[in-house]
Amino acid sequence: MTTPKPETDRTKKPTVLLVIGMAGSGKTTLMQRLNAHLHAEKKPPYVLNFDPAVANLPYTANIDIRDTVKYKEVMKQYNMGPNGGILTSLNLFTTKFDQVLNLVDKRAPNLDYVLVDTPGQIEVFTWSASGTIITEALAASYPTVVVYVVDTPRSASPATFISNMLYACSIMYKTKLPFILAFNKVDVKPHDFAVEWMTDFEAFQEAARQDTTYMASLTASMSLVLEEFYKTLRVAGLSAISGQGMDGFFQAVDEAVDEYWTEY
Ligand code: GTP
């Protein structure tokens, strides 16, 4: 166990869903879908946007990093490019994160879920000190689940699939939090192939053999490495656009929360 455990009765704690994924995987659209689903079917969530560079949010955030830091001004002031500006904005915001936690704490007794949107450039959050501080602070107070959004159609070849899984694996080992692989965009391509590749080693090897480049043997070897990783996570197929798969997703969330309380 690396994360200090909150001591209060678990039923009084809202679940934090930390939505992370590659640029364009559908994080913001999924945030909108989860927000709408929770409003319609359960209790309205508390919504946090930590992406300083998003132009338009299709949902209303209770706390929005853009109200505190203007990343374009940060770029000018510190003479930085876009990624440096986003990272520095997140750093500046993190210095005030205790205030964010206070606001969440005040609302927590009336909440079941807190949704967190993260920057489009995944590494700005997952490989920065600020991202780590934010993640650990949330996980120390609330059951926190990483929702790793996968662009399913773009992960349909063995090579892209394995590189996305390796990235997901690195985030899981870095955060050490319960983890859900959310295969998004199943309205375009169902995620059955991914489930098969994760559960049937031979099926993946067969698909990898179709690749005739030097990558094929690397891809095949990597799948062996990832077997352990596959066993420890949950998978949900969904479409942020159509809304299909929401029940399965929230079932995976319930299981992940159980894991938080028993193992972290
Ligand atoms: P960045 O903030 O740039 O990293 O993107 P993001 O991960 O927040 O993705 P975003 O929600 O902006 O979606 C990227 C594109 O994918 C948009 O054109 C969305 O309409 C589309 N998209 C998102 N979810 C789905 C889905 O479930 N199905 C389909 N068909 N398209 C989707």
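That block above? That's the structure.
Residues numbered from 1 in each chain as written. Predicted model: local features only at pLDDT ≥ 70, side-chain atom pairs only at ≥ 80, totals over all residues. Heavy atoms only, no water.

Caption draft 1: Structural detail: the pairing of strand β5 (residues 144-151). In terms of burial, β5 is largely enclosed, as 8 of its 8 residues are buried. Of the two faces of β5, the one lined by Thr144, Val146, Tyr148 and Val150 and the one lined by Val145, Val147, Val149 and Asp151 are each fully buried. The pairing of strand β1 (residues 15-21) with β5 spans 6 bridges and is classified as parallel. Bridge pairing in β5 places Ile20 opposite Tyr148. Across 6 bridges, the pairing between β5 and strand β6 (residues 179-184) is parallel. Residue pairing for β6: Val150 is matched across the bridge by Phe183. Crossover connection from β5 via helix α7 (residues 158-175) to parallel β6: handedness right-handed. (Buried < 20%, exposed > 50% of the residue type's maximum accessible area, 1.4 Å probe, protein only. Helix = DSSP H or I, 4+ residues; strand = E, 2+ residues; numbered from the N terminus. Pairing = 2+ DSSP bridges. Right-handed = clockwise from strand over helix to strand, strands pointing away.)

Caption draft 2: Molecular detail of the sheet that holds strand β2 (residues 46-49). Ordered in space as β3-β2-β4-β1-β5-β6-β7, the 7 strands form an open sheet in which the pairing is parallel. The open sheet has two free edges, formed respectively by β3 (63-64) and β7 (234-237), since each of these has just one partner strand.

Caption draft 3: The arrangement of the nonpolar core in detail. Residues Phe50, Phe97, Tyr148, Phe161, Phe179 and Leu181 are the most contacted members of the largest nonpolar core, which totals 55 residues. Looking at which element gives the most residues to this core, the answer is α7, with 7 residues. Setting aside residues up to four positions removed in sequence, Leu181 forms contacts with Tyr148, Val150, Met165, Ala168, Met198, Leu233, Arg234, Val235 and Ala236. Grouped together as the second largest cluster of nonpolar side chains are 30 residues, Leu34, Val47, Val54 and Met246 included. (Core = buried A, V, L, I, M, F, W, Y, C linked by side-chain atoms within 4.5 Å. Contact = heavy atoms within 4.5 Å.)

Function cannot be inferred from these measures alone, as they are strictly geometric.
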